[in-house]
Amino acid sequence: MVSAEVGSLLSGVTVKEHRVTDDLDRLLSVLPTPLQLSLATTAQREGLLEVVLDLGRKPEARYPHGCVDLGSKPVSSEDLRLIIDQLGSFGGDNRAGIEGTLHRISALRNRSGLVIGLTCRVGRAVFGTVAMVRDLLDSAQSLLLLGPPGVGKTTALREIARVLADDFGKRVVVIDTSNEIAGDGDVPHPAIGRARRMQVAKPQWQHRVMIEAVENHMPEVIVIDEIGTEEEALAARSIAERGVQLVATAHGNALENLLRNPTLSDLVGGVQAVTLGDDEARRRGSRKAVLERSAAPTFPIAVEMHSRSRWLVHTDVAGTVDRLLRGDGARPEIRTVDRAGCLKVEQPLPSLLRPPTPLIKQVIKPAQKPSVGSSAPLMIFCCGIAARLVTQAARSRHWPVQLAEDLAQADAVLAGKHQLGLHPEVRREARDGGVPIHVIKANSLPQVQRALERLLRHHNARLTSE
């Protein structure tokens, strides 16, 4: 985990974004003349993401906040042929480029293999964004970038390769499957600096080239865009175990999405089913069959790119995965850049986190008069219900609730419908001790809130009668 001292040093750093090189004229020159005229002004070019041309439809320009039609004339087969004739050949991933630039043209084909649409993506080299994660590069640990399309993953990857090669003086090899990182042609784009580039003949061979890079070219760092198959995930683990630093992107908006992806979950440690003993299951307050992380993550650090100016940083992926599998929330560092270019780092709050032991003694003091008041806190023992949901429900309603470490301390048991049958000892001890059991159908916040409200009313009524 990055220390609070590091976070305070990063806060206030100015992120100077931004010398942008896009060679936009090279991309527009392959378009039909009417489209070039429609994109002639600076305002029309500013922020342009891509130009989409589909047969029989109006061409459109896409920007971060919407789309604009480029004229009223539908795209014809002749228009598509004119563009294709000016490009290099399309690869196995249906992508082509313009030599010496970072632009990407992707083909949309019909069932006969004929091109019926083109997506002309603007490629940009943006300098300065690496300041948001420069401290992570200093750590020499492997780094994984996650985020939706268009958020700037490849742009960040490109600059990271340049900084590692030029500023840190490391031997960097870029595995460029679609020539998207270093551009089309045999000479890499200057945006990757002194980093070397290995091209991939076929997309399905990417994992082979990853291993070849390690065996033949002695890199200290390997940069990969879009790890998407099980073979590539296994190759990444093999590379990491050889002591080579990895910087890569993967499909998924958040770390939790990646964890649920059976193909790529190994990147963050993988998931395995484990059967607990009766005592351990009771201590955890969970069912006997649970999910746990199966190995150390291939990438100890992960970054969720929610936008170009807001990144969520997981500096301890192993710890985050363990918390997610226990039903707790992630605790990322939040790094944002304001309009003035000032970097701000928000550290996770330890006071809001649950310790590793699922059943803990945690008093939630009411900030105001509770809606269901009581003179003594309600002691809850969870059986198959996430303790964090009890904590969250009580905190949101300002209810006096305390999680019991064991059943002997509890005023009531809150259990899941399907989990209670797995814990006959809980039912037996509750019956012998006269502790009521409240069963809910789903392990969800609304049901936990309703259950707590009912339990508090019975608790208050019992205290009043006494």
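Fair warning: this is a prediction, and the values are worked out from it, not measured in the lab.

> Lay out the overall build of the protein chain in plain terms, naming residues and giving numbers.
Scanning the protein chain from terminus to terminus reveals 15 helices and 24 strands. Here the protein chain, with 466 residues, has 49% of them falling under the buried criterion. Here the protein chain has roughly 22400 Å² of accessible surface; of this, 50% comes from carbon and sulfur atoms.

> Help me get a handle on the pattern of salt bridges, residues and values and all.
Tallied over the full model, the rule gives 20 salt bridges. Ionic pairing is found between E241 and R237, a salt bridge with its closest N-O pair at 3.8 Å. Within this pair, E241 and its partner R237 are both found in helix α9 (residues 230–241), separated by four residues, close to a single helical turn. Among the residues examined, E241 registers a relative accessible area of 61% and is labelled exposed. Salt-bridge contacts for D266 lead to R237; the nearest nitrogen and oxygen are separated by 2.8 Å. Within this pair, whereas D266 is found in the loop between α10 (255–259) and β14 (271–275), its partner R237 is found in helix α9, the two being separated by 29 residues in sequence. Residue class for R237 comes out buried when judged on its relative accessible area of 15%. Within the structure, one salt-bridge network assembled from shared partners comprises E50, E60 and R62.

> Summarise the sheet that holds strand β19 (residues 343–346); cite the residues concerned and give the values.
Strand order in the open sheet formed by nine strands is β11-β10-β12-β13-β9-β16-β17-β18-β19, with mixed pairing between adjacent strands. Of all the strands in the sheet, the pair left with one neighbour each is β11 (196–199) and β19. Recorded for the sheet is a direction-independent mean angle of 20° between the axes of neighbouring strands. With five bridges connecting them, strand β16 (residues 301–307) and strand β17 (residues 310–314) associate as antiparallel partners. The residue bridging V303 from the neighbouring strand is V313, located in β17. Contacting β10 (172–176), β11 and β12 (221–227), helix α8 (residues 206–217) runs over the sheet at an angle of about 180° to β12. On top of the sheet, α9 reaches β12 and β13 (245–250); it is set at about 165° to β12, its chief contact.

Cut-offs applied
Residues numbered from 1 in each chain as written. Predicted model: local features only at pLDDT ≥ 70, side-chain atom pairs only at ≥ 80, totals over all residues. Heavy atoms only, no water. Helix = DSSP H or I, 4+ residues; strand = E, 2+ residues; numbered from the N terminus. Buried < 20%, exposed > 50% of the residue type's maximum accessible area, 1.4 Å probe, protein only. Areas by Shrake-Rupley, 256 points an atom, 1.4 Å probe, with all protein chains shown as cover. Salt bridge = Lys/Arg side-chain N within 4 Å of Asp/Glu carboxyl O. Pairing = 2+ DSSP bridges. Axes fitted to C-alpha atoms, helices over the stretch in contact; angles between N-to-C directions. Contact = heavy atoms within 4.5 Å.

Remember that the coordinates give geometry; whether it matters functionally is a separate question.
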